[in-house]
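A look at the structure
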Amino acid sequence: MATKRITGSEAVILSLLEEGVDTIFGYPGGAIMPVYDALYDYDKKVTHILTRHEQGAVHAAEGYAKVTGKAGVCFATSGPGATNLITGIADAMIDSIPLVCITGQVASPLLGTDAFQESDVVGISMPITKWNYQVTNAEEIPEAIAKAFYIAQSGRPGPVLLDISKDAQFQELEFEYKKCTKIRSYIPEQPVDPFKIKEAAELIDQAKKPLLLFGQGIIIAQAEDELKAFIEKTGIPAAWTLLGLSALPTDHPLNVGMLGMHGNYGPNVKTNEADLIIAVGMRFDDRVTGKVSSYAKKAKVVHLEVDPAEIDKIIKTDVAVLGNAKKSLAMLINNVKDNKHDDWVAEFRECDKVEREKVINKDVHPEKEGLTMGEAVRIASEKTQHNAILVTDVGQQQMIASRYFKFTQSKSNVTSGGLGTMGYAIPAALGAQLGAKDRTVCCFVGDGGFQMTLQELGTIVQNKLPVKIILLNNNFLGMVRQWQQLFFEKRYSFTELQNPDFITIGKGFGMAGHKVTKREELSDGIQKMIDHDGPYLLEVVVEKEDNVFPMVPTGASVSDIILEVK
């Protein structure tokens, strides 16, 4: 494009527009005020969402990124504004979410002087960003932003932070924007080795009890069709990690459920009976493997992964296929034989029967007097025809919702996985709603996490976002309480909450809502929430000691999964 002379702050906005940015989440302050002044003239071209806290901005950007596949963008000022982004940046780093975070900084002559609202955000964020950089000259802005988007969105995605000094925002430059398509020494993904594909195919063809484990890498690579085609050709049962949820429709006959600490019975116990594990776009997190020394000892391991650092980090592989999951799976499909493993799949279905009797029926069709989290999740999923986007906070409601909410399309699960960030759900839900305006967003949150970021109810109302919030209230920090019950002799140390009137708080922000305490009110209450034209807060009071099972105790083998309190 032709060059023109503009300020650094305007260069920030024009650069974002060149990258196709349509939504920015942020909170203004002194050191980023020039950028906000420039933004004033572009309000018809880009939407800025004023959150109530910088943590809300970064989590909203995460939610937006998760449902769109594009980099989420957020702004913050220097000092406390920038440091308030840190939790969300760390969350995005471990969960491979593309973010471009732009922070204002004190003028470059003041750097290192402990100036007002100065913090070394580059140093602070270095371990939790894919790349970060401090800009002190306006001439660097276009190139730095182009590089930021390329790094954030390529290979294994992640967060990038640009810290721009205030004087660089005021300086003028000849603006010209060139998108970044290559950086020397940065190889976002390896070309897929056809010889490794053939090695993997041989193991797959020979296996009698193969099990495929898929994670968020499938969604990032847009490899959902290839995953489906591969398992249908080979007849291999497939299980998902928490972040892989929704990549394969819930009702697919080869979908055998969730892995991990609170995953389904079948995929956990059958892991140690499998003779081949095919891991695609997942990193063998400790919540998936349990005790590593006893994990999948009978199985050879094929690992399809874009990030070389994840190969052999936790579980030793027999064949490692580096590269993009979409390309790797497409090549594998062409190299494996048509097959079926009906008897093996049937073993998972027998496990399903056991789990249904001991756990699921008690959760979703309870006979007890008190309401359960599971029945609220089941009804909400049914009443949205299993087409909604599920957003969850962290804790019991996260695990219950992930188990019982059902999916028909990908990019429908928004949650904090690796970092386990309480307070994530409400801001992430508003970001998800902005990224998927035509879809219903159901946000499940516990009473503990709700109170960490409830101020973002104001952001939801101000922007007229029809987010449906289901607050599962047990007056406890539920997951911690469950552990205290099971492993600390019911010594409930500082986990009981004296909660406020949540519905009144919602109404104070201008949000409609009501409270459900009885089973006969639940179905109609959820329908009323869904039918409401606009945002809605439904509080469901559930049993205080409503636990999440199955459960693999910390340090135990996945085979030692427990289905109920003994």
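Counting from 1, residues in each chain are numbered in the order their sequence is written. This being a predicted model, a pLDDT of at least 70 is required before a residue's local features are given, and a value of 80 or more before pairs of side-chain atoms are given or counted; all residues contribute to the totals for chains, interfaces and linings. The basis for the side-chain values is all heavy atoms of the structure; hydrogens and waters are excluded.

**Things to note about the overall build of the protein**
Our working rule: Note on conventions: DSSP H or I runs of at least 4 residues are helices, E runs of at least 2 residues are strands, and numbering of each starts at the N terminus. Only C-alpha atoms enter the radius of gyration, while the globule expectation follows 2.2 Å times N to the 0.38, with N the number of residues. Type-normalised accessible area, obtained with a 1.4 Å probe on protein chains alone, sets the label of each residue: buried when under 20%, exposed when over 50%, and partly exposed for intermediate values. Contacts are assigned to residue pairs with any non-hydrogen atoms lying within 4.5 Å of each other. Where accessible areas are quoted, they stem from the Shrake-Rupley method and a 1.4 Å probe; at the residue level, only the protein chains shown are allowed to cover. By the counting scheme adopted, Arg and Lys are positive, Glu and Asp are negative, and His together with the chain ends is not counted. In this description, the location of a charge corresponds to atom NZ of lysine, CZ of arginine, CG of aspartate or CD of glutamate.
The number of helices and strands found in the protein is 23 helices and 20 strands. The C-alpha atoms of the protein give a radius of gyration of 24 Å, which matches the 24 Å a tight globule of 566 residues would have. Seen along its three principal axes, the alpha-carbon backbone of the protein occupies a region of about 70 × 60 × 40 Å. The buried share of the protein, reckoned over its 566 residues, is 60%. Relative to all contacts within the protein whose residues are 6 or more apart in sequence, the contacts with residues 24 or more apart total 77%. Put simply, the protein shows about 22600 Å² of open surface, and 51% of that area lies on carbon and sulfur atoms. Positive and negative side-chain charges of the protein, numbering 59 and 72 respectively, have mean locations separated by a distance of 4 Å.

**Observations concerning the side chain of His 341**
Mapping His 341 onto the fold places it in the loop between α14 (325-333) and α15 (342-364). Residues in contact with His 341, not counting those within four places in the same chain, are Ala 207, Lys 208, Pro 210, Thr 234, Gly 235 and Ile 236.

**Things to note about the domain arrangement of the protein**
Put simply, the rule reads: Residue ranges for the domains originate in an automatic or database domain assignment. What gets called buried area is simply the loss in accessible area from a 1.4 Å probe that two parts show on being joined, summed for both. Salt bridges are counted wherever a side-chain nitrogen of Lys or Arg sits within 4 Å of a carboxyl oxygen of Asp or Glu. Identification of polar contacts relies on pairs of N or O atoms within 3.5 Å, with a donor-acceptor requirement for protein atoms, meaning one able to donate a hydrogen and the other able to accept it, and with residues adjacent in sequence counted only if both atoms are side-chain atoms. Each residue is assigned to one class: nonpolar for Ala, Val, Leu, Ile, Met, Phe, Trp, Tyr, Cys and Pro, charged for Asp, Glu, Lys and Arg, and polar for all the others, Gly among them.
According to the domain assignment, the protein consists of domain 1 (4-175), domain 2 (194-347) and domain 3 (369-542). The straight-line distance from the C-alpha centre of domain 2 to that of domain 3 is 31 Å. Both sides of the domain 2 and domain 3 interface together cover about 1400 Å² of buried area, and 61% of this is carbon and sulfur. Of all residues in domain 2, Leu 242, Ser 246 and His 262 bury the most surface against domain 3, accounting for 38% of the area lost on that side. Inspection of the region where domain 2 meets domain 3 yields 0 salt bridges. Counting across the domain 2 and domain 3 interface gives 6 residue pairs in polar contact (both at pLDDT 80 or more). In terms of residue class, the side of domain 2 that touches domain 3 is built from 9 nonpolar, 6 polar and 2 charged.

**Comments concerning the nonpolar core**
Note the cut-off: The criterion is simple. A nonpolar core is a set of buried Ala, Val, Leu, Ile, Met, Phe, Trp, Tyr and Cys residues joined through side-chain atoms within 4.5 Å.
Ranked by size, the top nonpolar core spans 74 residues in total, and within it Leu 212, Phe 214, Phe 230, Ile 278, Leu 332, Phe 405 and Phe 444 carry the most contacts. Among the domains, domain 2 (194-347) and domain 3 (369-542) are the pair contributing at least three residues each to this core. The residues contacting Phe 230, other than those within four sequence positions of it, are Ile 204, Leu 212, Ile 236, Ile 278, Leu 329, Leu 332, Ile 333 and Val 336. Of all hydrophobic cores here, the second largest spans 50 residues; its members include Ile 86, Ala 92, Ala 428 and Leu 434.

**Structural notes on the UniProt feature "domain: Thiamine pyrophosphate enzyme TPP-binding" (unreviewed entry) in the protein**
Using the following cut-off: UniProt positions are given in the numbering used here, feature names are shortened, and annotations may be inferred rather than shown by experiment.
Per the UniProt record, "domain: Thiamine pyrophosphate enzyme TPP-binding" (unreviewed entry) is found at residues 393-540. The span residues 393-540 shows a helical share of 41% and a strand share of 16%, and its end C-alpha atoms are spaced 15 Å apart.

**Topic: the packing of aromatic side chains**
Test applied: Two aromatic rings, drawn from Phe, Tyr or Trp (for Trp, its six-membered ring), form a pair once their centres lie within 6.5 Å of each other, and the interplanar angle then sorts them: stacked below 30 degrees, edge-to-face above 60, tilted otherwise. Whether a charge sits over a ring comes down to the Lys NZ or Arg CZ being within 6 Å of the ring centre and within 35 degrees of the ring normal.
The final tally for this structure, using the stated rule, is 12 aromatic pairs. Ring geometry for Phe 450 against Phe 502: centres 5.3 Å apart, planes inclined by 85°, an arrangement best described as edge-to-face. Separated by 52 residues along the polypeptide, Phe 450 in helix α19 (residues 447-450) and Phe 502 in helix α22 (residues 502-508) bring together distant segments of the chain. For the residue pair Phe 450 and Phe 502, the accessibility class agrees, reading buried in each case. The rings of Phe 405, Phe 407 and Phe 444 are connected pair by pair, giving a single aromatic cluster. Sitting over the ring of Phe 476, Arg 481 keeps its end group 5.9 Å from the ring centre.

**Comments concerning the sheet that holds strand β14 (residues 319-322)**
The following threshold applies: By the convention used here, strands pair only if DSSP detects at least 2 bridges between them. Between N-to-C directions, angles cover 0 to 180 degrees, with each direction set by a line fitted to C-alpha atoms, over the stretch in contact for helices.
With parallel pairing, 6 strands are arranged side by side in an open sheet as β11-β10-β9-β12-β13-β14. The open sheet has two edge strands, β11 (255-258) and β14, and neither has a second partner. Geometrically, the sheet is characterised by an average inter-axis angle of 20° between neighbouring strands, direction not taken into account. Pairing analysis gives 5 bridges linking strand β12 (residues 276-280) to strand β13 (residues 300-305), with the strands arranged parallel. Its bridge partner lying in β13, Ala 279 is registered against His 303.

**With respect to the UniProt feature "domain: Thiamine pyrophosphate enzyme central" (unreviewed entry) in the protein**
With numbering matched to this structure, UniProt assigns "domain: Thiamine pyrophosphate enzyme central" (unreviewed entry) to residues 197-332. As a span, residues 197-332 carries 32% helix and 20% strand, and end to end its C-alpha atoms are 6 Å apart.

**Some remarks on α14**
Applied cut-off: Note that the arc is defined by the directions from the helix axis to the C-beta atoms.
Where α14 is concerned, the buried positions are Ala 325, Ser 328, Leu 329, Leu 332 and Ile 333. Buried residues of α14, seen end-on, are gathered within an arc of 135° and therefore sit on one face of the element. If you follow the buried residues of α14, they end up packed against α9 (194-206), α10 (217-220), α11 (224-234), β12, β13 and β14. The N-terminus of α14 is capped by Asn 324, whose side-chain oxygen sits 2.8 Å from the backbone nitrogen of Lys 326.

**Some words on the packing of helix α1 (residues 8-18) against helix α7 (residues 141-153)**
Applicable threshold: If you view the pair so one helix is near and one far, a crossing is left-handed when the near helix is turned anticlockwise from the far one by less than a right angle, and right-handed when it is turned clockwise.
Where α1 contacts α7, the axes come no closer than 9 Å and their chain directions differ by 30°. With respect to the hand of their crossing, α1 and α7 are arranged in right-handed fashion. Facing α1, whose interface residues are Gly 8, Ala 11, Val 12, Ser 15 and Leu 16, α7 presents Ile 141, Pro 142, Ile 145 and Phe 149. Within the contact of α1 with α7, the residues separate by chemical class into 7 nonpolar, 2 polar and no charged.

**Topic: the pairing of β12**
Buried residues dominate β12, accounting for 5 of its 5 residues. Of the two faces of β12, both are covered, the one formed by Leu 276, Ile 278 and Val 280 as well as the one formed by Ile 277 and Ala 279. Two elements, strand β9 (residues 210-214) and β12, share 5 bridges in a ladder whose sense is parallel. Each bridged residue has a counterpart across the sheet, and for Phe 214 the counterpart in β12 is Val 280.

**Overview of the side chain of Thr 129**
Position of Thr 129 among the secondary structure elements: in the loop between α6 (121-125) and β6 (131-135). What makes Thr 129 buried here is its relative accessible area of 8%. Here the side chain of Thr 129 touches Ser 125 through a polar contact of 3.0 Å, landing on its backbone oxygen. For Thr 129, the residues in contact, after removing those within four places along its chain, are Ile 89, Met 93, Pro 159 and Leu 161.

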